[in-house]
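# Per-entry structural report
Here is how the chains run, residue by residue.
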Amino acid sequence: MIETLASELVEVIGDPKRVITAPAVVERLSKDFYWYSPMLKRQLESKVGDVVVQPVSVAEVLAVARYAGERGVPITVRGAGTGNYGQCIPLHGGIVLDLALMDKLEEITADGVAVCQPGLRLAPLEIEARKQGWELRMYPSTIAKASVGGFLAGGSGGIGSVAHGGLRDFDTVRAFEVVTMEAEPRVVLHEGAAVHEILHAWGTNGILTRIWFALAPAVEWSQFTAAFDSYEEAFVFARIIAEGKDWTKRLVTVFEWPIPSFFTPVKQVVRQDKTLVLIMIASEQLEMLSEAAATARGEVTFTGAYTGPRTQPLLSDYTWNHTTLWAMKADPTWTYIQAGFSPANCMEQFRLLRERYGKEILFHIEFMKNGEGIIIPGGIPLVYFTGEERLNELIAYCREIGVFIANPHVNYLEDGGRFRGDNLQLKAKQKYDPRGLLNPGKMISFHAEALKK
């Protein structure tokens, strides 16, 4: 079966080197960082594709889609595999379509839009953009490895979101071309509001092949850390910076103790038993920020220039989902949830969670702007895992007290957080993938048989 599939795919793309069946390689390219979740680790560790195909052109993507459609073979699209939710893990075998070789930056336009292929890594894009006076509006903590296409398909925000919102906000994603899985696959241009049909749908309703990604004017940034005696003092200080319209910032993060103790490579910026605030600030405001921290009873523990993704130390390597990774390195019992706290009632929500769960939950806050321009104390709190029932109880309680939860312990879009309530992504799947061959099982509200009635 696999041998036949592979040999036929070699005929389709004409290059046996880019049709991979070696078990170890197929296994590696069928996985992401799903093991951040003990529940997904159990559910997904045995899942693997049958064959990996690495196209180098839109024509090849179309040819593979046509072949798969004619034979009813599932396709799971892979970016760089830096996601945490099993987005690119094939549940039903078939073809893993690895877009890593489609990695060209076509141009950066005069008005600051990067036109690129989906496999382009974010770090090279940031480096090239800064040479031309631009920079990424936002990027995940996995910038060194993550691809533009994977970020759009499976991500939602990151470093920069405190100023520029998430991927769905402020026209950051201007347009993209998508290969469909219709009876006769075609390339469809989505621009403006139409991008929301496909954005953050895990490749379940189209294959990204060309992207127009808006950038921001480059800023000379500095990295800054300060230690505070209490979580409340640190949070209040960070919130003032995040919400202050006069501060030019790219990242505002709060780690309550003992989270900073997990960051062993940068232990010089940590102070025992103290909450750590990490900020990327415009260099021209660094002195003023240091003064503000001292006034707020914080101890400045580090300042240093950000010169790009190769900066050492790169403190963003300890933020967003990387925080969970450092915790798991210290103790694999740690896992996480993804939360959005209420701007009005967050202190009460923190109190209720601490009262009920104690240090079973540790607060890690990432401030970000929403589409209405409101600064949200988003968070990726650490949770000490003692069982699925307890974790699900915690998630239910968060929702009960008004904390938004994007559940990172399920492998489908609808509860994973960014599924659109207007069913726009579902309607797009019904239109562009009526047989349900793209990443099947990840959009559970889709039922191919319902379309045949």
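Quick look at the structure, then. Not measured: the values here are computed from a predicted model.

## Details of the overall build of the chain
Helix and strand counts for the chain come out as 14 helices and 21 strands. A globule of 453 residues ought to have a C-alpha radius of gyration of about 22 Å, and the chain, at 22 Å, matches this closely. Each principal axis of the C-alpha atoms in the chain carries an extent, and together these give about 65 × 50 × 40 Å. Here the chain holds 453 residues, and 60% of them are scored as buried. A total of about 17600 Å² of accessible surface is found on the chain, and carbon and sulfur atoms cover 53% of it. Both charge centroids of the chain, one from 46 positive and one from 53 negative side chains, sit 2 Å from each other.

## Thoughts on the environment of Leu189
Mapped onto the elements of the fold, Leu189 is located in strand S9 (residues 187-191). Overall, Leu189 belongs to the partly exposed group, its relative accessible area being 45%. If sequence neighbours within four positions are ignored, Leu189 has contacts with Ala175, Phe176, Glu177 and Trp212.

## Side note on the sheet that holds strand S20 (residues 382-384)
Strand order in the open sheet made by the 3 strands is S15-S20-S17, with antiparallel pairing throughout. Whereas interior strands pair on both sides, the edge strands pair on one side only; in this sheet they are strand S15 (334-336) and strand S17 (361-362). Pairing geometry for S17 and S20, over 2 bridges, is antiparallel. Within S20, the residue paired with Leu362 across the bridge is Leu382. This element, helix H10 (residues 321-330), spans S15 and S20 of the sheet and lies at about 165° to S15.

## Considerations on the packing of aromatic side chains
Considering all chains together, one arrives at 19 aromatic pairs under this definition. When the centroid spacing of 6.3 Å and the interplanar angle of 55° are considered together, the rings of Phe262 and Trp334 count as tilted. Of this pair, Phe262 sits in the loop between strand S12 (249-255) and strand S13 (275-282) while Trp334 is found in strand S15, placing the two residues 72 residues apart along the sequence. Judged by centre distance (5.2 Å) and plane angle (55°), the ring pair of Phe263 and Tyr318 falls under tilted. With Phe263 in the loop between S12 and S13 and Tyr318 in the loop between strand S14 (299-306) and H10, this pair connects stretches of sequence that are 55 residues apart. The pair Phe263 / Tyr318 is uniform in exposure class, with both members buried. Aromatic rings pair up to connect Tyr231, Phe235, Phe341, Phe350, Phe363 and Phe367 into one cluster. Above the plane of the ring of Trp326 lies Lys329, whose end atom (NZ or CZ) is 4.4 Å from the centre.

## Some remarks on the environment of Ala327
Residue position: Ala327 is located in helix H10. Owing to a relative accessible area of 0%, Ala327 belongs among the buried residues under this scheme. As a C-alpha pair, Ala327 and Pro258 span 69 residues in sequence and 9.5 Å in three-dimensional space.

## A closer look at the pattern of salt bridges
This structure, assessed with the given rule, holds 30 salt bridges. Residue Glu299 is joined to Arg271 by a salt bridge in which the shortest nitrogen-to-oxygen separation is 3.0 Å. Pair noted here: Glu299 is in strand S14 and Arg271 is in the loop between S12 and S13, with a separation of 28 residues, a long-range link. Using a relative accessible area of 32% as the deciding quantity, one classes Glu299 as partly exposed. A salt bridge links Glu393 to Arg356; the nearest nitrogen and oxygen atoms lie 3.8 Å apart. With Glu393 in helix H12 (residues 388-400) and Arg356 in helix H11 (residues 346-357), this residue pair connects regions lying 37 residues apart in the sequence. For Glu393, a relative accessible area of 30% translates into the label partly exposed. Classification of Arg356 by relative accessible area gives partly exposed; the value is 44%. Taken together, the salt bridges that share partners define one network made up of Glu126, Arg130, Glu135 and Arg250.

## Looking at unusual backbone geometry
In this structure, the amide linkage connecting Trp257 to the following residue, Pro258, adopts the cis form with an omega of 15°. Position of Pro258 among the secondary structure elements: in the loop between S12 and S13. Following Gln312, the chain continues into Pro313 via a peptide bond in cis, with omega recorded as -10°. Counting through the fold element by element, Pro313 comes out in the loop between S14 and H10. With phi around 50°, His200 is a residue other than glycine that occupies positive phi space. Tracing the chain through its elements places His200 in the loop between S9 and strand S10 (207-217). Among the residues examined, His200 registers a relative accessible area of 6% and is labelled buried.

## Focus on the side chain of Lys249
Turning to its location among the elements, Lys249 is positioned in strand S12. Despite its burial, Lys249 pairs with no opposite charge; the closest candidate is Asp246, at 8.6 Å N-O. Among the polar contacts made by the side chain of Lys249, one reaches the main-chain carbonyl oxygen of Gly244 at a distance of 2.6 Å. For Lys249, the side chain forms a polar contact with the main-chain oxygen of Trp247, separated by 3.2 Å. Leave out the neighbours within four places in its chain, and Lys249 touches Val162, Ala163, Trp221, Ile241, Ala242, Glu243, Gly244, Met280 and Ile281.

## Side note on the sheet that holds S12
Reading across from one edge, S14-S11-S13-S12-S18-S19-S16-S21 is the order of the 8 strands in this open sheet, with antiparallel pairing throughout. Only two strands of the sheet have a single neighbouring strand rather than two, namely S14 and strand S21 (404-406). Each strand of the sheet is rotated relative to its neighbour by a mean of 20°, with strand direction disregarded. Summarising the sheet, strand S11 (residues 221-228) and S14 pair through 7 bridges and their orientation is antiparallel. Bridging across to S14, Ala227 finds its partner in Glu299. Against the sheet, helix H9 (residues 286-295) engages S11, S13 and S14, with an angle of about 5° to S11.

So, how was this worked out
Residues numbered from 1 in each chain as written. Predicted model: local features only at pLDDT ≥ 70, side-chain atom pairs only at ≥ 80, totals over all residues. Heavy atoms only, no water. Helix = DSSP H or I, 4+ residues; strand = E, 2+ residues; numbered from the N terminus. Rg over C-alpha atoms; globule rule 2.2 N^0.38 Å. Buried < 20%, exposed > 50% of the residue type's maximum accessible area, 1.4 Å probe, protein only. Areas by Shrake-Rupley, 256 points an atom, 1.4 Å probe, with all protein chains shown as cover. Lys, Arg positive; Asp, Glu negative; His and termini not counted. Charge placed at Lys NZ, Arg CZ, Asp CG, Glu CD. Contact = heavy atoms within 4.5 Å. Pairing = 2+ DSSP bridges. Axes fitted to C-alpha atoms, helices over the stretch in contact; angles between N-to-C directions. Phe/Tyr/Trp six-rings, centres within 6.5 Å; stacked < 30°, edge-to-face > 60°. Lys NZ or Arg CZ within 6 Å of the ring centre and 35° of its normal. Salt bridge = Lys/Arg side-chain N within 4 Å of Asp/Glu carboxyl O. Polar contact = N/O pair within 3.5 Å; in protein donor to acceptor, adjacent residues only side chain to side chain.

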